[in-house]
Amino acid sequence: MPPAFTSLLAPSFDNSKYDLTYYLKGGLAGGICCSITHGALTPVDVVKTRIQLDSVKYNKGLIGGFKHIIGEEGAGALLTGLGATCGGYFIQGFFKFGGVEFFKINIVNAIGEEKAWEMKTPIYLASAAGAEFIADIFLCPLEAVRIRAVSDPTYCTGLADGAAKMMAQDGVGGFYAGFAPILFKQVPYTMAKFAVQGAAADRLYGVLGMTPAECSGGQNLSVSLGSGVIAGVAAAIISHPADTLLSMVNKKGAGGDGPIATRLMNIAGEVGMVKLCTNGLMPRCIMIGTLTAGQFGIFDTVMGALGASKFHFHDPNAKA
């Protein structure tokens, strides 16, 4: 077994030591959890995207959307973009979860444990924003191919074919046409996701009357899943308008010609704020609530399997 891989599986004997190996474990766990959850929910995402792109045609909600797509295109159409989804979100999850751990721990080291305990929420917000910005640089090209494939099922036969066609037709700029809206969607989403999950987990541990170290593996997993659902719904609502814009701007011809900012404003004007906030919101809340719970549950499980002791904020006044 290669030494680098062996080091990932080595237990973190020193719980206070958060080094490069720990961050790599966090990145790997994040990539696995995001790839699995987003991949598993591809059918829901296909329906949600179709509703956002054509709310007149797909006007009977999530179940009606499933029936419509299966009736017209067959069940296989619900897996459109699966390759781009799994690949893109593995890379994004690697940088997002690994990045949050990196920024969070280093901010704590810089300002001290006592100050960090008082500023948990700002630290979550700053860490999530920085990590998500980096992650989106890698996610955006694959997300562009996925949305183009979902909006036009005849566009490509797979990720490689779609990427080649997009490069030939639109150049590198085509892959990043949605970079601004993906930032507007993903950065607030991730900030809310980690901040709300952290706060919800604290409340749940408070109800249990125990710290994470005192809980069993099953109790910690239950807290991760419960806080993940709460965080996912909150993050979905906050980021939904930008998610709708992202889906629309990657549809060929949407918003007319010109710079991306002009196209986004044209789309927003045509659709209206109410529809930006509500079209496809219910399926997205179901999708993101389930997805986020799964992500935090799988992340904690994989971190444990890799021998990593997950970082938790600690109240220095509780040492005694």
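Keep in mind that this is a model prediction, so the values were computed, not measured.

What follows concerns the overall build of the protein chain. In terms of regular secondary structure, the protein chain is built from 14 helices and zero strands. Reading the protein chain from its N terminus to its C terminus gives the helix and strand order α-α-α-α-α-α-α-α-α-α-α-α-α-α. Here the C-alpha atoms of the protein chain give a radius of gyration of 20 Å, agreeing with the 20 Å that 2.2 N^0.38 yields for 320 residues. When the 320 residues of the protein chain are sorted by exposure, 48% land in the buried category. Partitioning the intrachain contacts of the protein chain with sequence separation of at least 6 by distance along the chain shows that 76% fall at a separation of at least 24. For the protein chain, the distance from the average position of its 24 positive side-chain charges to the average position of its 23 negative side-chain charges is 5 Å.

Let's shift gears to the packing of helix α11 (residues 217-249) against helix α12 (residues 260-271). For the pair α11 and α12, interaxial distance at closest approach is 10 Å and the crossing angle is 110°. Between α11 and α12, the interaxial angle falls into the category roughly perpendicular. Considering how the two elements wind past one another, α11 and α12 form a crossing that is right-handed. On α12, the residues that touch Leu 245, Met 248 and Val 249 of α11 are Ile 260, Arg 263, Leu 264, Ile 267, Ala 268 and Val 271. The class makeup of the residues in the contact of α11 with α12 is eight nonpolar, no polar and one charged.

What follows concerns the environment of Tyr 89. Among the structural elements, Tyr 89 can be located in helix α5 (residues 82-111). The class for Tyr 89 is buried, based on a relative accessible area of 4%. Each C-alpha atom, one on Tyr 89 and one on Leu 225, is 20 Å from the other, the two residues being 136 residues apart in sequence.

Let's shift gears to the packing of aromatic side chains. Inspection of every chain in the model, using the stated rule, returns 15 aromatic pairs. The interplanar angle of 70° and the centroid separation of 5.3 Å between the aromatic rings of Tyr 124 and Phe 313 together place this pair among those described as edge-to-face. Taken together, the residues Tyr 124 in helix α7 (residues 120-151) and Phe 313 in the segment after α14 (281-305) connect sequence positions 189 residues apart. Given the relative accessible area of 13%, Tyr 124 is considered buried.

Attention shifts here to the nonpolar core. If you look at the biggest cluster of nonpolar residues, it comprises 30 residues, and the most contacted ones within it are Tyr 22, Phe 97, Phe 194 and Phe 313. Broken down by element, this core gets its largest block of residues, seven residues, from α7. The contacts of Tyr 22, once residues within four sequence positions are left out, are Glu 101, Ile 105, Met 303, Ala 308, Ser 309, Lys 310 and Phe 311. Counting residues in hydrophobic clusters, the runner-up holds 20 residues, among them Val 46, Tyr 58, Ala 235 and Ile 288.

Parameters and conventions
Residues numbered from 1 in each chain as written. Predicted model: local features only at pLDDT ≥ 70, side-chain atom pairs only at ≥ 80, totals over all residues. Heavy atoms only, no water. Helix = DSSP H or I, 4+ residues; strand = E, 2+ residues; numbered from the N terminus. Rg over C-alpha atoms; globule rule 2.2 N^0.38 Å. Buried < 20%, exposed > 50% of the residue type's maximum accessible area, 1.4 Å probe, protein only. Contact = heavy atoms within 4.5 Å. Lys, Arg positive; Asp, Glu negative; His and termini not counted. Charge placed at Lys NZ, Arg CZ, Asp CG, Glu CD. Axes fitted to C-alpha atoms, helices over the stretch in contact; angles between N-to-C directions. Parallel < 35°, antiparallel > 145°, perpendicular 65-115°, else oblique. Left-handed = near helix turned anticlockwise from the far one by under 90°. Nonpolar A, V, L, I, M, F, W, Y, C, P; charged D, E, K, R; others polar. Phe/Tyr/Trp six-rings, centres within 6.5 Å; stacked < 30°, edge-to-face > 60°. Core = buried A, V, L, I, M, F, W, Y, C linked by side-chain atoms within 4.5 Å.

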